[in-house]
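Here is how the chains run, residue by residue.
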Amino acid sequence: MDTHLSQFYGTNHVPSDTELLEIENLLAPQNARLVQLEKDLEEAEAKVTRLRREREDVLQVIKPLKSLSSLIRRFPREVMELIFVHSVLAKAPGRPTFSICHPPLVLLRVCKLWREITLTTPQLWASVELTIPSHLCNSFGNAPDSKQQQRVALFIDQFDQWLKRSESYPLSLIVRGSPLDGGIIMQSLASKLALHSCRWESIDFDISQCGTFSDIVAESLPTLKHARLSAYSFPFGTHDKPRFLGILAAPNLEGLQIQVTRSSPGFSKMPINWTNLTRLLLDGIYMYRQDVSSQDEQLTATEILHVLEKCRSLRILSLLLISTHNRLPEPEPQVALSNLEALNVTGCRMQIHHLLRSITTPRIREMHYQPFFKSSLPDEPPPFSPALPLTSFLQRYGNQTVVLSVNLPTASKEELRSWLECTPALKQLTLGQELQFAPPPPVLSIPSNFENPFDDSCIGLLIPKRDHPHLCPNLKIFRCSIKARISGDAILAFLKARTNPLLVGRGGIIEEVSIHQLPYDAPFGASTDAEDERLKSIREAGVRLSFKKTFYYQSNPVPTIVHGPHGTTIPGFGPGYGVDFKLF
């Protein structure tokens, strides 16, 4: 309210008697209005309180009715069980089974119905990733106190309950020991698991950390189908005789993966039911040794061939072959792998070459070729072609190949053309590292005269032309992570041709293109370049795009982001056409 007294607001002015009388006249109606407002507020607050109380009363009636009519109640119990089981299968890797965030333990705490379903669904408890929590491990070998002993006893009791809830359902086990607890807790739990060996379906463990299973006999493993064993040395450890023969000799074993640093001779003589295997993965840590002069500690192509002669049902094979620096024998009689569909070979090129020349694979549909690159090897005078073994293999068996992955530092136009001409049914082509089934190869120098970057002429082989036969008409996925010198015009020409229905047909439009290690001056390369306006029609066709330049100074590269249609982003690569090389 404006008044002449406002000029004195905020000052030290002392009002006169006349001014005081005027102030009282101004305050009288305002005080009356304030009293009325406070009264109205009290009435309003009382009304709000009453309304809140009425709302709570209504909610108490509505909530149970809504709960009764919710869609989740109409789900058949069988469907709920399948959803719960799927949540367990989708568990985050590396998270222990007994974590409070593990799906079965979370499902127990949702509601009475979910708890009942969880407790009566043995599949939820049939997957056990056994790790020892850090708070149960003894620090520096100190004797556990009474409180620590109580924690250990409680953990073991929970483990017993977990196994009891799995009832008679087949068990999938992952056993990870801890060096801090002295193995005492692990041995106790492993002994309990050994009592249920007749229910084992799959097992993954380090034989050096868990020796409790070494005495299990094959007859007590009737349901074991998959086994992954890891160790420094296999099949011999610190003992004088092979161990874990019972697991290897399981009568129904279908998948076997052995991860070792070094292999001892006699692997082909292990009591494995080779004819029953459908998956065989032999890999580990590659140790490049110049002083290796014999095959005593190496798993070579020659011994692998003796194994493969027995593997009549093999469908998936992944091998890491080590260089022995010995002269390889002449190609042996062909080993027929009539059911093999997917092959991954990593390691010494000479060993790989010897293997590929000695096998027959009429049904091969997926090939991963990852030789270690070296400038010179025994019995191979320069110049040499690291792509020659693959080319020869594809010329014989590439007609049905759908997935081809080649991890070489360079690829010339001639080599690429030879691969593509041999694989007319190809749907997925990867140049460079995609799936690393073994540790990265040692860093070896590449002679400058062997540098053949993937350039415009190479990508030109994949560009369809009107009224002209073109290579790989069924190509859906192209991924390139080797050194590339591709111009923007070539990339656009490739993408436009591969999304043109007049050239490739409605069913031939490509689904994913990922080109990494582009030069610094490339028009595409940043994470946002896949949204370039020139690529709008490509994105609208549903093609996932990913471009990246080479940054040698990056110690922690940014994860690949693949841009899909309608502005969506998909972390990592999109789905492929290959089989799953994982054992579990």
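Residues numbered from 1 in each chain as written. Predicted model: local features only at pLDDT ≥ 70, side-chain atom pairs only at ≥ 80, totals over all residues. Heavy atoms only, no water.

### A word on the pattern of salt bridges
In total, this model carries 8 salt bridges according to the counting rule given. Residue R77 pairs with E81 through a salt bridge whose shortest N-O separation is 3.3 Å. Here R77 pairs with E81, and both are found in helix 2 (residues 77-89), just 4 residues apart, close to one helical turn. For the salt bridge of K192 with D160, the shortest nitrogen-to-oxygen distance reads 3.3 Å. Taken together, the positions of K192 in helix 6 (residues 184-194) and D160 in helix 5 (residues 146-165) put the pair 32 residues apart, joining distant regions of the chain. Exposure remark for K192: the relative accessible area of 23% places this residue in the partly exposed category. Via salt bridges that share partners, R479, E512 and R544 belong to a single interconnected network. (Salt bridge = Lys/Arg side-chain N within 4 Å of Asp/Glu carboxyl O. Helix = DSSP H or I, 4+ residues; strand = E, 2+ residues; numbered from the N terminus. Buried < 20%, exposed > 50% of the residue type's maximum accessible area, 1.4 Å probe, protein only.)

### Here's the deal with the packing of helix 9 (residues 349-357) against helix 10 (residues 388-397)
Between helix 9 and helix 10, whose axes approach to 9 Å, the crossing angle comes to 15 degrees. The orientation of helix 9 with respect to helix 10, classified from their angle, is roughly parallel. The element helix 9 and its partner helix 10 pack so that their crossing is left-handed. Together, H353, L356 and R357 of helix 9 and L388, P389, L390, F393 and R396 of helix 10 make up the contact between the two elements. Partitioned by chemical class, the residues of the contact of helix 9 with helix 10 number 5 nonpolar, 1 polar and 2 charged. (Axes fitted to C-alpha atoms, helices over the stretch in contact; angles between N-to-C directions. Parallel < 35°, antiparallel > 145°, perpendicular 65-115°, else oblique. Left-handed = near helix turned anticlockwise from the far one by under 90°. Contact = heavy atoms within 4.5 Å. Nonpolar A, V, L, I, M, F, W, Y, C, P; charged D, E, K, R; others polar.)

### Quick look at the UniProt feature "coiled-coil region" (unreviewed entry) in the protein
Those residues carrying the UniProt feature "coiled-coil region" (unreviewed entry) are residues 27-61 in this numbering. End C-alpha atoms of residues 27-61 are separated by 51 Å, and the span's content is 100% helix alongside 0% strand. (UniProt positions renumbered as here; feature names shortened; annotations may be inferred.)

### Digging into a negative patch on the surface
A cluster of acidic side chains, namely E38, D40, E42, E43 and E45, defines a negative patch on the protein surface. Considering the arrangement of structural elements, one finds D40 in helix 1 (residues 17-69). (Patch = residues over 30% accessible without salt bridge, like charges linked within 9 Å, V, L, I, M, F, W, Y side chains within 5 Å. Areas by Shrake-Rupley, 256 points an atom, 1.4 Å probe, with all protein chains shown as cover. Lys, Arg positive; Asp, Glu negative; His and termini not counted. Charge placed at Lys NZ, Arg CZ, Asp CG, Glu CD.)

### Comments concerning the nonpolar core
By size, the foremost hydrophobic cluster in this structure holds 125 residues, and its most contacted members are F213, F454 and F478. Ignoring sequence-local partners within four residues, the contact set of F213 consists of V175, A190, L193, A194, W200, I203, F205, F244 and I247. (Core = buried A, V, L, I, M, F, W, Y, C linked by side-chain atoms within 4.5 Å.)

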